[in-house]
Amino acid sequence: MAENENTAELLIADSRLAFIQGRYDEALKLSKQAIELEGDNADAHQCAGNAYMSKSDLTSAIEHYKKAIESDSENGDRYFNLAYAYATDNQPVEALEMFAKADEKGCSPNVVGQLYKIMAMLCFDMQRYEDAIVNFNKSEKIIGIDMDILQRKALSYSMLGETARGIEVANQMKLLAPTKYIGYRIAFNLLLQDERHEDCAAELDRAERFANPTADYYADWLAYETARFKLDGDKAHLENALEKLAQGLVILKPDVNEVIDSYINAADVYVQLENAGMALKCLNAAENPIQSYNEGFSVVEIEEPSKQPVTRPSAREIDQMVDETRRKFGDRKLDMIGRELARNPNKDISAQEGILTPVTSKSDSSSDEQYVLSRDEQAVYSPEKLDRIYRLYVAAYTLEKDNVHIKMYASKLANSSNEHSKYIGKYALIKVLREENSAQAEDECRLFIKQLRNAMIKDPSDVFALNFRIQCHIDISEYDEAEKLCRLLSDELRTPLLEQIAAAKAGGDT
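Thresholds, definitions, all that
Residues numbered from 1 in each chain as written. Predicted model: local features only at pLDDT ≥ 70, side-chain atom pairs only at ≥ 80, totals over all residues. Heavy atoms only, no water. Helix = DSSP H or I, 4+ residues; strand = E, 2+ residues; numbered from the N terminus. Buried < 20%, exposed > 50% of the residue type's maximum accessible area, 1.4 Å probe, protein only. Contact = heavy atoms within 4.5 Å. Areas by Shrake-Rupley, 256 points an atom, 1.4 Å probe, with all protein chains shown as cover. Axes fitted to C-alpha atoms, helices over the stretch in contact; angles between N-to-C directions. Parallel < 35°, antiparallel > 145°, perpendicular 65-115°, else oblique. Nonpolar A, V, L, I, M, F, W, Y, C, P; charged D, E, K, R; others polar. Expected span 1.5 Å × (residues − 1). Polar contact = N/O pair within 3.5 Å; in protein donor to acceptor, adjacent residues only side chain to side chain. Core = buried A, V, L, I, M, F, W, Y, C linked by side-chain atoms within 4.5 Å. Phe/Tyr/Trp six-rings, centres within 6.5 Å; stacked < 30°, edge-to-face > 60°. Patch = residues over 30% accessible without salt bridge, like charges linked within 9 Å, V, L, I, M, F, W, Y side chains within 5 Å. Salt bridge = Lys/Arg side-chain N within 4 Å of Asp/Glu carboxyl O. Lys, Arg positive; Asp, Glu negative; His and termini not counted. Charge placed at Lys NZ, Arg CZ, Asp CG, Glu CD. Arc of directions from axis to C-beta. Left-handed = near helix turned anticlockwise from the far one by under 90°.

Chemist: Honestly, the overall build of the protein in this entry has me stumped. Any pointers?
Modeler: Helix and strand content of the protein: 26 helices and 0 strands. The buried share of the protein, reckoned over its 510 residues, is 39%. Taking contacts inside the protein between residues at least 6 apart in sequence as the whole, the part at least 24 apart equals 54%. Accessible surface, the protein: about 29500 Å² in total, of which carbon and sulfur atoms supply 49%.

Here you go:
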């Protein structure tokens, strides 16, 4: 018996060594040999569970972790391992139960911090935000400040509507990593959620001065200007958004997928501006991103050169340019240039550069070359991204009343794997039939209503299906049915539809 025990211990030791070296098949083989000698050896089952986890066989890993607990039920680390396997296997309820058991039994010091962190993340994913914050705080006390913990804690406060607490955490992130944009981004989104638009602009200004520029920064400018447009309908906000998108493409060295996203976002803005021509150009660029970017395609519409004489900028315009320069380059540099010009008004500052030895060598001159995308870069078009492109094509061609192209892209949407994209595609096809006075239009509309009704039976919370169902009843003049369905919507969604029904009854355009 003692001989079996000694042999098992040696096999377990060898299994652990094989595991550390990444030889998981060998680790599993050795652990199974140990289990054959001692079926109730917790460490042997632990080794087998670890090997199975590394081989992504979660079912077998869970089975062996359970057996390890059966043999060593007072060891908190055993419960932690089982909980981690449950979490990896997308079984959050079982995982939280085992993590709580691990906490109760007590775990090794190197495990406790991770235990609370993973518990917090599970609570966050299950939308249990108060529990998430409690566990994030516990984790911080053990493993210290962690950007991932801070980010999720701030988002938890955001979901609870506790903006001030969320911003406090965002400020911690900025102190920890002042040149990283993530802290500014979380603060911005919290402010945007509260519709504190002036504070949003101030936060983006802070980020421009202190953080390294990122694609997210320019995306947030787009979100800010779009939110302002929705409030006051001033198209200048959308034009500002386009300027920011163009600026991002110049300042950053974007990869091909960031370029695609910028072109798609620009197309979306042009649809809102009802500029179908530029929307289509941006969508075409999104489908040919490398060539478009390298040839200098701009998301800002290029105006014809003015034939008016060049005039001196006004005092107000000069002040604005000085403020912009001061913000970008800082007061010290601007004041230094100003003092030098005051001392030597007739001296060309740039001439001084001739007496200075260049810091960079000739071999570094490539850094001044225009950045271009490599033709070897892989553009990734996810199904969601393709659906968005097709939706924007439908919207742009609808502005142009080009039914041929509407049908082409609406058909692509109608065959999407996403139900909501299918609704958009099918409705767009029916709308074209109605505009062409097709005899099939009403039959197709009633068939679509039936499909939407069945979709709502499967998922009563599908508000998207309900909206299209109401729209179809309006289109075939079944106003009473449309009004009855409107009662299922919130006031925010109901009001514009009731106004549309009233206009349709009065003989207006639906």
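Having put the structure on the table, let's press on.
Chemist: I'm lost on the packing of helix H11 (residues 182-193) against helix H13 (residues 215-232) in this one. Help?
Modeler: When two helices pack together, their arrangement is given by the angle between their axes and by how far apart the axes lie. Where H11 meets H13, the axes come as close as 11 Å, and the angle between the chain directions of the two elements is 10°. Considering the angle they form, H11 stands roughly parallel to H13. Contacts from Arg-185, Phe-188, Asn-189 and Leu-192 in H11 reach Asp-216, Ala-219, Asp-220, Ala-223, Tyr-224 and Ala-227 in H13. Its residues placed into classes, the contact of H11 with H13 shows 6 nonpolar, 1 polar and 3 charged.

Chemist: Help me understand the environment of Gly-76 in this model?
Modeler: Relative to the helices and strands, Gly-76 resides in helix H5 (residues 76-88). Setting aside residues up to four positions removed in sequence, Gly-76 forms contacts with Ala-102, Lys-105, Gly-106 and Cys-107.

Chemist: I tried to follow helix H22 (residues 419-435) on my own but got confused; where do I start?
Modeler: Because each turn of an α-helix spans 3.6 residues, side chains separated by three or four positions in sequence point in the same direction. Helix length check: H22, at 17 residues, gives a terminal C-alpha distance of 25 Å against a target of 24 Å (1.5 Å per residue), a fit within 8%. Taken residue by residue, H22 has Ser-421, Tyr-423, Gly-425, Tyr-427, Ala-428, Ile-430, Val-432 and Leu-433 as its buried positions. In this structure, the buried side of H22 is in contact with helix H20 (383-399), helix H21 (403-414), helix H23 (441-458) and helix H24 (463-475). The N-cap of H22, judged by a side-chain oxygen 3.0 Å from the amide nitrogen of His-420 a few residues on, is Asn-418. Among the residues trailing H22, Asn-437 stands out with phi positive, at a value near 55°.

Chemist: Explain the nonpolar core here, please?
Modeler: Generally speaking, nonpolar side chains in soluble globular proteins are found buried as a group. In this structure, Phe-80, Leu-82, Phe-99, Cys-107 and Leu-115 are the most contacted members of the largest nonpolar core, which totals 47 residues. By residue number, the principal contributor to this core is helix H7 (residues 109-125), which donates 11 residues. Beyond its immediate stretch of four places on either side in the chain, Leu-82 contacts Ile-62, Tyr-65, Lys-66, Ile-69 and Met-98. Core analysis: the next-biggest nonpolar cluster, separate from the first, contains 44 residues, Ile-264, Ala-279, Leu-283 and Tyr-397 among them.

Chemist: Is there a simple way to explain the environment of Phe-188 in this structure?
Modeler: Tracing the chain through its elements places Phe-188 in helix H11. Separated by 21 residues in the primary sequence, Phe-188 and Ile-167 have C-alpha atoms spaced 8.8 Å apart. Phe-188 has contacts with Cys-200, Glu-203, Leu-204, Asp-220 and Tyr-224, leaving out every residue within four places of it along the chain.

Chemist: Help me out: how do you make sense of the packing of aromatic side chains in this one?
Modeler: The description of two aromatic rings rests on the distance between their centres and on the angle between their planes. What the rule picks out here adds up to 18 aromatic pairs. With 6.1 Å between their ring centres and 35° between their planes, Tyr-390 and Tyr-409 make a pair best called tilted. You can see Tyr-390 sitting in helix H20 and its partner Tyr-409 sitting in helix H21, a full 19 residues away along the chain. Residue classification places Tyr-409 among the buried residues on the basis of a relative accessible area of 9%. Here the aromatic cluster, defined as three or more aromatic residues joined through ring pairs, consists of Tyr-423, Tyr-427, Phe-448, Phe-464 and Phe-468.

Chemist: Quick question: what am I supposed to make of unusual backbone geometry here?
Modeler: Phi is mostly negative for residues that are not glycine, and the peptide bonds are mostly trans. One non-glycine residue, Ser-56, lies in the positive phi region at around 65°. Mapping Ser-56 onto the fold places it in the loop between helix H3 (42-54) and helix H4 (58-71). The phi torsion at Glu-195 lies on the positive side, around 60°, for a residue other than glycine. On the secondary structure map, Glu-195 appears in the loop between H11 and helix H12 (197-210).

Chemist: Quick question: what am I supposed to make of a negative patch on the surface here?
Modeler: On the surface, Asp-232, Asp-234, Glu-239 and Glu-243 cluster together into a patch of negative charge. Relative accessible area serves as the criterion here: at 46%, Glu-239 is assigned to the partly exposed category.

Chemist: Is there a simple way to think about the pattern of salt bridges in this case?
Modeler: Two side chains that carry opposite charge are able to pair once their charged atoms sit near each other. Overall, the coordinates contain 29 salt bridges when judged by the stated rule. Here Arg-152 makes a salt bridge to Asp-125, at a shortest N to O gap of 3.6 Å. Of this pair, Arg-152 sits in helix H9 (residues 147-159) while Asp-125 is found in helix H7, placing the two residues 27 residues apart along the sequence. Since its relative accessible area comes to 22%, Arg-152 is described here as partly exposed. Using a relative accessible area of 55% as the deciding quantity, one classes Asp-125 as exposed. Here Arg-494 ties to Asp-491 by a salt bridge, and the two come within 2.4 Å at their closest N and O atoms. Linking Arg-494 with Asp-491, this pair stays in helix H26 (residues 491-505), spanning 3 residues, or about one helical turn. Exposure remark for Arg-494: the relative accessible area of 22% places this residue in the partly exposed category.

Chemist: Whenever I open this one, helix H25 (residues 479-486) confuses me. Can you help?
Modeler: If you check which residues of H25 are buried, you get Tyr-479, Ala-482, Leu-485 and Cys-486. Along the axis of H25, the buried positions cluster into a sector of 125°, meaning they face one direction only.

Chemist: Is there a simple way to think about the packing of H3 against H5 in this case?
Modeler: Running from N to C, H3 and H5 cross one another at 20°; their axes reach a closest spacing of 12 Å. When the axis of H3 is compared with that of H5, the two are roughly parallel. Taken as a pair, H3 and H5 cross one another with a handedness that is left-handed. Facing H3, whose interface residues are Ala-42, Asp-43, Gln-46 and Met-53, H5 presents Arg-78, Asn-81, Tyr-84, Ala-85 and Thr-88.

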